[in-house]
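Residue-level listing of the chains:
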Amino acid sequence: MKTPHISAEPGDFAPVVVMPGDPLRSRYIAENYLTDARLVNDVRGVQGYTGYYFGTRVSVMASGMGMPSMGIYAHELFGVFGVRGIVRAGSTGAYSTGLKLRDIVIALTAATDSNCVEYYGAERYERIPASERLTAMARKSSAERNLRAVGGGVYTSDVFYAEPSRADEWKARGAIAVEMETAMLYAVARHFGRDALALCTVSDYALEDASRADEALDAEARERGFDEMITLALDTAARASESFGAD
């Protein structure tokens with residue numbers, strides 16, 4: 001079974017896929033968290049693995065950066081390979097001054113001013129909801145592990161180097177953080193009737209306040225330093241896989 005972007009056999013993917021943006025983070029998760037992990041996709045270097053997380057079969061594959069890339073992989077995983085759920089494991093810039101570096105944001109909704117989500121039936125500025133089932137599982141796991149996980153709406157931008165005024169606009173709209181993939185993931189999941197949730201570690205402050213500009217995680221920390229968020233994403237994926245198997 002092949003698509004233009006994924007070359008895998010039927011059944012190669014587990015029911016739930018944990019999806020970081022960075023292919024190197026995908027490999028890191030497979031090598032450090034999964035047992036008996038095997039490479040099931042490496043088209044364009046976008047590495048996908050399937051293995052076992054404490055006895056439960058789970059997959060991990062990168063999405064690349066931005067909504068168009070997320071849209072490609074989410075569409076193919078849901079629509080072609082029969083994946084039931086995707087848990088994004090990413091990074092985010094904080095809008096809320098109450099968030100701290102390395103806090104985990106549970107994206108309860110995601111909205112964007114990009115029109116690319118309209119293809120999947122969503123509207124610009126719509127607060128597209130996360131899966132209630134995956135959200136409940138993530139909250140349960142974060143409480144059990146005593147992790148600082150904050151629920152709220154996020155803004156999904158298609159421009160990384162956006163003007164600071166955009167932060168003010170989206171803070172006023174209720175967004176607590178900004179990232180670049182989640183609105184598309186939620187739109188595609190809803191289109192296919194599947195489940196999706198984004199869990200993002202705060203890596204920097206996307207604020208006009210210059211006094212906090214130096215508070216940010218470097219590239220190595222972004223790749224390897226998100227252990228609590230990765231653990232929460234895998235916990236959620238494992239719970240969901242078991243739940244789907246019982247349906």
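Structure's up top.
None of the values given here were measured: they were computed from a predicted structure.

Student: Any details on the environment of Ser203? Residues and values, ideally.
Tutor: Residue position: Ser203 is located in strand 10 (residues 195–205). Classification of Ser203 by relative accessible area gives buried; the value is 1%. Considering only alpha carbons, one finds Ser203 and Lys100, 103 residues apart in sequence, at a separation of 8.8 Å. Here Asp204 takes part through its side chain, which lies 2.9 Å from a polar atom of the side chain of Ser203.

Student: Account for the pattern of salt bridges, with residues named and values stated.
Tutor: Tallied over the entire structure, the rule returns 11 salt bridges. Residue Arg148 is joined to Asp103 by a salt bridge in which the shortest nitrogen-to-oxygen separation is 2.7 Å. Of this pair, Arg148 sits in the loop between helix 3 (132–144) and strand 8 (149–156) while Asp103 sits in the loop between strand 5 (85–94) and strand 6 (104–111), placing them 45 residues apart in sequence. The class of Arg148 is partly exposed, set by a relative accessible area of 43%. Note on Asp103: relative accessible area 5%, which makes it buried.

Student: Before we move on, could you go through the side chain of Thr231 and cite the residues and values that matter?
Tutor: Following the sequence through the fold, Thr231 ends up in helix 7 (residues 227–246). For Thr231, the residues in contact, after removing those within four places along its chain, are Tyr33, Tyr53 and Arg145.

Student: Could you give me a rundown of the side chain of Ser59, with the residues and numbers involved?
Tutor: Its location among the elements puts Ser59 in strand 4 (residues 56–61). A distance of 2.6 Å separates the side chain of Ser59 from the side chain of Thr50, its partner in a polar contact. Those residues in contact with Ser59 that sit more than four places away from it in its chain are Asp12, Phe13, Ala14, Val16, Val17, Val18, Tyr49 and Thr50.

Student: Can you lay out the packing of helix 2 (residues 67–79) against helix 5 (residues 182–192) for me, pointing to particular residues and giving the numbers?
Tutor: At their nearest, the axes of helix 2 and helix 5 sit 9 Å apart, and the two run at 25° to each other. By the angle between their directions, the pair helix 2 and helix 5 is classed as roughly parallel. Viewed along their axes, helix 2 and helix 5 form a crossing whose handedness is right-handed. For the pair formed by helix 2 and helix 5, the contact residues are Met67, Met70, Gly71, Ala74, His75, Phe78 and Gly79 on the first element and Ala183, Met184, Leu185, Val188, Ala189 and Phe192 on the second. Residues belonging to the contact of helix 2 with helix 5 are distributed by class as follows: 10 nonpolar, 3 polar and no charged.

Student: Kindly report on the environment of Trp170, identifying the contributing residues and their values.
Tutor: Among the structural elements, Trp170 can be located in helix 4 (residues 164–172). Its relative accessible area of 3% is what places Trp170 among the buried residues. For Trp170 and Thr112, which are 58 residues apart along the polypeptide, the C-alpha to C-alpha distance reads 9.3 Å. Here Trp170 is in contact with Tyr95, Ala111, Thr112, Asp113, Tyr125, Tyr155 and Ala175, once residues within four sequence places are set aside.

Student: Describe helix 3, and please don't skip the residues or the numbers.
Tutor: Helix length check: helix 3 (13 residues) gives 18 Å between terminal C-alpha atoms against 18 Å at 1.5 Å per residue, within 8%. Turning to helix 3, its buried residues are Leu134, Thr135, Met137, Ala138, Ser141 and Ser142. Each buried residue of helix 3 lies within a common arc of 165° when the element is viewed along its axis, so the set occupies one face. The exposed set on the far side of helix 3, more than 90 degrees from its buried face, consists of Glu132, Ala143 and Glu144. The N-capping residue of helix 3, defined by a side-chain oxygen 3.3 Å from the backbone nitrogen of Arg133, is Ser131.

Student: Please provide a residue-by-residue account of the nonpolar core, values included.
Tutor: Side chains that are nonpolar tend, in soluble globular proteins, to be buried together. In terms of nonpolar packing, the biggest core is built from 74 residues, with Phe13, Met61, Leu77, Tyr186, Leu199 and Leu234 touching the most fellow members. Element by element, the count of residues in this core is highest for helix 7, at 9 residues. Apart from residues no more than four positions distant in its own chain, Leu199 is found in contact with Val87, Arg88, Ala89, Gly90, Ile104, Val105, Ile106, Ala138, Met229, Leu232, Ala233 and Thr236. Tyr95, Trp170, Ala175 and Val178 belong to the second-largest nonpolar core, a separate cluster that totals 7 residues.

Student: An account of the packing of aromatic side chains is needed here, citing residue identities and associated values.
Tutor: By the definition in use, this model includes 7 aromatic pairs. With 4.9 Å between their ring centres and 80° between their planes, Tyr53 and Phe54 make a pair best called edge-to-face. Take Tyr53: its relative accessible area is 5%, and that puts it in the buried class. Residue Phe54 is classed as exposed on the basis of its relative accessible area of 73%. Through pairs of rings, three or more aromatic residues link up here, namely Tyr125, Tyr155 and Trp170. Taking NZ or CZ as reference, Arg173 lies 5.3 Å from the ring centre of Trp170, over its face.

Basis of the calculations
Residues numbered from 1 in each chain as written. Predicted model: local features only at pLDDT ≥ 70, side-chain atom pairs only at ≥ 80, totals over all residues. Heavy atoms only, no water. Helix = DSSP H or I, 4+ residues; strand = E, 2+ residues; numbered from the N terminus. Buried < 20%, exposed > 50% of the residue type's maximum accessible area, 1.4 Å probe, protein only. Polar contact = N/O pair within 3.5 Å; in protein donor to acceptor, adjacent residues only side chain to side chain. Salt bridge = Lys/Arg side-chain N within 4 Å of Asp/Glu carboxyl O. Contact = heavy atoms within 4.5 Å. Axes fitted to C-alpha atoms, helices over the stretch in contact; angles between N-to-C directions. Parallel < 35°, antiparallel > 145°, perpendicular 65-115°, else oblique. Left-handed = near helix turned anticlockwise from the far one by under 90°. Nonpolar A, V, L, I, M, F, W, Y, C, P; charged D, E, K, R; others polar. Expected span 1.5 Å × (residues − 1). Arc of directions from axis to C-beta. Core = buried A, V, L, I, M, F, W, Y, C linked by side-chain atoms within 4.5 Å. Phe/Tyr/Trp six-rings, centres within 6.5 Å; stacked < 30°, edge-to-face > 60°. Lys NZ or Arg CZ within 6 Å of the ring centre and 35° of its normal.

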